[in-house]
Amino acid sequence: MEGGTTLKLTAKAYPATAKDGSVSWNSSDESVATVDGNVLVTSLKKGSAIIKAIANDGSGVYGSRTITVTST
C-alpha cells in the first residue's frame, strides 16, 4: 500500500453456525496502519503492521494479514 490509502478487509467465522461469529480487529503498529470499526485499514507511514481479526467467542482463534506501506 502507499501511504494515505485505504483498504477494506473482511473475515468470516467458521463454522457458519457458530454461536458468536463476531470478530475484533487490531493493528500491531498504529503509527503505520490503523483499522477502524468498519474494517477499513488506513496506511499512515512507511513500514509494516499486522492486522488481526480475533474471534470474540473466547477461543483465541485469529486470522492476520501483514500490511506493508511502501511510501508516504
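Residues numbered from 1 in each chain as written. Predicted model: local features only at pLDDT ≥ 70, side-chain atom pairs only at ≥ 80, totals over all residues. Heavy atoms only, no water.

1. Digging into the overall build of the protein chain
- Across its full length, the protein chain carries zero helices and six strands.
- Starting at the N terminus, the α and β elements of the protein chain follow one another as β-β-β-β-β-β.
- Taken along the three principal axes of its C-alpha coordinates, the protein chain extends 40 × 20 × 15 Å.
- Taking contacts inside the protein chain between residues at least 6 apart in sequence as the whole, the part at least 24 apart equals 49%.
- Here the protein chain holds 7 positive side-chain charges and 6 negative ones, and the gap between their average locations is 5 Å. (Helix = DSSP H or I, 4+ residues; strand = E, 2+ residues; numbered from the N terminus. Contact = heavy atoms within 4.5 Å. Lys, Arg positive; Asp, Glu negative; His and termini not counted. Charge placed at Lys NZ, Arg CZ, Asp CG, Glu CD.)

2. Some remarks on the confidence of the model for the protein chain
- On average, residues of the protein chain score 92 in pLDDT, and 100% of them reach the 70 mark or higher.
- Element-level mean pLDDT values for the protein chain span from 95 in strand S6 (residues 62–69) up to 97 in strand S3 (residues 33–35). (pLDDT = per-residue confidence, 0-100.)

3. Observations concerning the sheet that holds strand S4 (residues 40–43)
- Spatial strand order, S1-S4-S3: three strands in an open sheet with antiparallel pairing. In the strand order of this sheet, the two ends are held by strand S1 (6–8) and S3, each with one partner. Taken over all neighbouring pairs, the strand axes of this sheet differ in orientation by 20° on average, direction set aside.
- Pairing geometry for S3 and S4, over three bridges, is antiparallel. Looking across to S4, one finds that Ala33 is bridged to Ser43. (Pairing = 2+ DSSP bridges. Axes fitted to C-alpha atoms, helices over the stretch in contact; angles between N-to-C directions.)

4. Here we look at the sheet that holds strand S5 (residues 47–55)
- Taken together, three strands build an open sheet; the order of strands is S2-S5-S6 and the sheet is antiparallel. Each edge of the open sheet carries a strand with a single partner, namely strand S2 (23–27) and S6. Each adjacent strand pair in this sheet contributes to an overall mean axis angle of 15°, direction not counted.

5. Observations concerning the environment of Val69
- Structurally, Val69 is set in strand S6.
- Val69 has contacts with Met1, Glu2, Gly3, Val32, Ser43, Lys45, Lys46 and Gly47, leaving out every residue within four places of it along the chain.

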